Amino acid sequence: MATRTKTGNTGKQRPSYRCTECGWQTAKWLGRCPECQAWGTVEEYGAPAVRTTAPGRVTSSALPIGEVDGRQATARSTGVAEFDRVLGGGLVPGAVALLAGEPGVGKSTLLLDVAAKSASEEHRTLYVTGEESASQVRLRADRIKAIHDHLYLAAETDLAAVLGHLDAVKPSLLILDSVQTIASPEIDGAPGGMAQVREVAGALIRASKERGMSTLLVGHVTKDGAIAGPRLLEHLVDVVLSFEGDRHARLRLVRGVKNRYGTTDEVGCFELHDEGITGLTDPSGLFLTRRTEAVPGTCLTVTLEGRRPLVAEVQALTVDSQIPSPRRTTSGLETSRVSMMLAVLEQRGRITALGKRDIYSATVGGVKLSEPAADLAIALALASAASDTPLPKNLVAIGEVGLAGEVRRVTGVQRRLAEAHRLGFTHALVPADPGKVPPGMKVTEVADMGDALRVLPRSRRREAPREDEERR
């Protein structure tokens, strides 16, 4: 009896599946990648064939690094000083920057202002909108006075049409609002999909490098605050900027997340108003309340936004609670940090009047304080509100407070003190060894919360626990 041998597709390559985000591979299709937890990123691909690449013709000869002309990477100012600060001096020819932010934060307003101020006879600007009509953008331009003869406007959602506008206008700066609204007919999928975003971004990056044209892309964000689309988009561009701000406040911050031409420590401050958006070279005034007399429950601190010191005010209010579980409400402060300061004051500072009272704490001007350097100011504001005793005028408090009640050192103390001294503050509470102190400024070093609470009058500090005991 003859034996049978298996024939057929033993040498045929079996298809497999790979995640386009992290590269994880599997033998069957899945809707969600178990490695990076991304949805819809697992795609089919064939087994790669073994190929070799032969040496080809080089586009330009390799040179010693000292002979490379670095003038081609010289930044050109956009006309907006605060925006230039974050970019590292301006936009470099051929650079591609991605600006992302929540809806309504003011991205289009800022970039329309940048488009008008950077346009000139030698440097044309092309503003392409995919979310609005040209008439809508014109109305905004009239409102913020962003009209210029060399600022060109186009409303397009097709990638080929955008590239056609580049050939016709030959701009030095392209602003695309937004990258998620442009689609290529050569790629399957709806606009904003991962494949479409990769293709649109790749085509515009190639056009920018070939023409020496600066490009500003507007990007959407997810509900978690991350930039929408594939992570590859952030790797492809040269600069990634984050536009932050509370829509109910005037302050807007532009942070550098990635910058191949400068540092990511700079922060640009803007004020959004009815007439448009304005850069703030001295934004500390937005975070302070000018008053003639000191008020209990307020304390000033100096926070660092990137490398920029900003003086901010912390306010606290305590009232008798009408419910068994007292309220703890915060605005602009982390609830966990405030709760830690309440526990430290009760256990280490012996202030027992806070346990049965409703406590409200907030910042002025919509600024968000998340760094530990504001701990000492939060604790003093709470202690001042509990004892109904105002802190001395012209006092700032800087320092991190530990659970043992110690006051720890923070970075940039000298820069913080210099900013406080520039604004007229004469007294500061800081951790030990603050370094060089500005002349004419009194600095008190505190080791723990006991030392810090001595700035409050003793008689008033003792009233709060006694009043609490009488209520019991």
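Residues numbered from 1 in each chain as written. Predicted model: local features only at pLDDT ≥ 70, side-chain atom pairs only at ≥ 80, totals over all residues. Heavy atoms only, no water.

Engineer: Would you mind going over the overall build of the protein chain with me for this structure?
Structural biologist: Scanning the protein chain from terminus to terminus reveals eleven helices and 21 strands. The C-alpha atoms of the protein chain give a radius of gyration of 29 Å, which is well past the 23 Å a tight globule of 472 residues would have. In terms of overall dimensions, the protein chain has a C-alpha envelope of 100 × 85 × 50 Å along the principal axes. For the protein chain, buried positions account for 45% of its 472 residues. (Helix = DSSP H or I, 4+ residues; strand = E, 2+ residues; numbered from the N terminus. Rg over C-alpha atoms; globule rule 2.2 N^0.38 Å. Buried < 20%, exposed > 50% of the residue type's maximum accessible area, 1.4 Å probe, protein only.)

Engineer: I would appreciate a short explanation of the side chain of His-427 in the present structure.
Structural biologist: Within the fold, His-427 resides in strand S20 (residues 427–430). If we ignore the near neighbours within four places in the chain, the residues touching His-427 are Asn-394, Leu-395, Val-396, Met-441, Lys-442 and Thr-444. (Contact = heavy atoms within 4.5 Å.)

Engineer: Looking at this structure, how should I read the side chain of Thr-125?
Structural biologist: Looking at the secondary structure, you find Thr-125 in strand S5 (residues 125–129). When its relative accessible area of 0% is taken as the criterion, Thr-125 is described as buried. Excluding anything up to four places from it in sequence, Thr-125 contacts Ala-115, Ser-118, Ala-119, His-150, Leu-151, Tyr-152, Pro-171 and Leu-173.

Engineer: Help me understand the nonpolar core in this model?
Structural biologist: Counting 46 residues, the largest nonpolar core has Leu-345, Leu-376, Leu-380 and Leu-382 as the members making the most contacts within it. Looking at this core, the elements with two or more residues in it are strand S10 (251–259), strand S11 (267–273), strand S14 (308–320), helix H7 (335–347), helix H8 (375–387), strand S17 (395–397) and helix H10 (449–452). Element by element, the count of residues in this core is highest for H8, at ten residues. Those residues in contact with Leu-382 that lie beyond four places of it in its chain are Ala-316, Val-338, Met-341, Leu-342, Leu-345, Leu-354 and Ile-359. The next biggest cluster of nonpolar side chains, apart from the first, holds 31 residues, and it includes Phe-83, Leu-87, Ala-97 and Tyr-127. (Core = buried A, V, L, I, M, F, W, Y, C linked by side-chain atoms within 4.5 Å.)

Engineer: Please explain the packing of helix H4 (residues 159–169) against helix H5 (residues 194–211) as it appears in this structure.
Structural biologist: Describing two packed helices takes the angle between their axes plus the distance from one axis to the other. Put simply, H4 and H5 touch, their axes get as near as 11 Å, and they point 10° apart. Relative to H5, H4 is oriented roughly parallel. Seen from above, H4 lies across H5 with right-handed handedness. Across the interface between the two elements, Leu-159, Val-162, Leu-163, Leu-166 and Asp-167 from H4 touch Glu-199, Val-200, Ala-203, Leu-204, Ala-207 and Arg-211 from H5. Across the contact of H4 with H5, the residue classes break down as eight nonpolar, no polar and three charged. (Axes fitted to C-alpha atoms, helices over the stretch in contact; angles between N-to-C directions. Parallel < 35°, antiparallel > 145°, perpendicular 65-115°, else oblique. Left-handed = near helix turned anticlockwise from the far one by under 90°. Nonpolar A, V, L, I, M, F, W, Y, C, P; charged D, E, K, R; others polar.)

Engineer: Just to check I follow, could you spell out the sheet that holds S5 for this structure?
Structural biologist: Strands in a sheet are paired, the pairing made by backbone hydrogen bonds, and the direction either parallel or antiparallel. Reading across the sheet, the nine strands line up as S6-S5-S7-S8-S4-S9-S10-S11-S12 and stay open at both edges, with mixed pairing between neighbours. Across the chains shown, the open sheet's two edge strands, defined by having one partner strand only, are strand S6 (151–155) and strand S12 (276–279). Within the sheet, the average angular offset between the axes of one strand and its neighbour, ignoring direction, is 20°. Here five bridges tie S5 to S6, and the two strands are oriented parallel to one another. (Pairing = 2+ DSSP bridges.)

Engineer: Can you help me understand the pattern of salt bridges in this one?
Structural biologist: Side-chain pairs of opposite charge can arise whenever the charged atoms involved come near each other. Applying the stated criterion to the full structure yields 24 salt bridges. Between Asp-238 and Lys-209 there is a salt bridge, and its shortest N-O distance comes to 2.8 Å. Of this pair, Asp-238 sits in the loop between helix H6 (232–236) and strand S9 (239–244) while Lys-209 is found in helix H5, placing the two residues 29 residues apart along the sequence. With its nearest N and O atoms 3.3 Å apart, the salt bridge here joins Arg-327 to Asp-358. Of the two residues, Arg-327 is situated in the loop between S14 and strand S15 (328–331) and Asp-358 in strand S16 (residues 357–363); the sequence distance between them amounts to 31 residues. Taking the relative accessible area as the measure of exposure, Arg-327 reaches 41% and is therefore partly exposed. Its relative accessible area of 2% is what places Asp-358 among the buried residues. (Salt bridge = Lys/Arg side-chain N within 4 Å of Asp/Glu carboxyl O.)

Engineer: Hey, could you run me through the environment of Gly-405 in this one?
Structural biologist: Here Gly-405 shows up in the loop between strand S18 (400–401) and strand S19 (407–408). Sequence-wise, Gly-405 and His-150 are 255 residues apart; in three dimensions their C-alpha atoms are separated by 61 Å. The contacts of Gly-405, once residues within four sequence positions are left out, are Val-344, Arg-348, Asp-448 and Met-449.

Engineer: Sorry if this is basic, but what is going on with the sheet that holds strand S2 (residues 25–26) here?
Structural biologist: Pairing in this open sheet of three strands is antiparallel, and the strands run S2-S1-S3 from one edge to the other. Two strands in the sheet have a free side with no partner beyond their single neighbour: S2 and strand S3 (42–45). Examined bridge by bridge, strand S1 (residues 16–19) and S3 share four bridges and lie antiparallel to one another. Across the sheet, the residue bridging to Arg-18 is Glu-43, located in S3.

Engineer: Would you explain H5 in this entry?
Structural biologist: In this model H5 runs 26 Å from its N-terminal to its C-terminal C-alpha over 18 residues, within 8% of the 26 Å that 1.5 Å per residue would give. All of the buried residues along H5 are Gln-196, Val-197, Val-200, Ala-201, Gly-202, Ala-203, Leu-204, Ile-205, Ala-207 and Ser-208. Contact partners of the buried residues in H5: strand S4 (96–101), H4, strand S7 (173–177), strand S8 (214–219) and H6. Looking one or two residues beyond H5, the residue adopting positive phi is Gly-212, at roughly 65°. (Expected span 1.5 Å × (residues − 1).)

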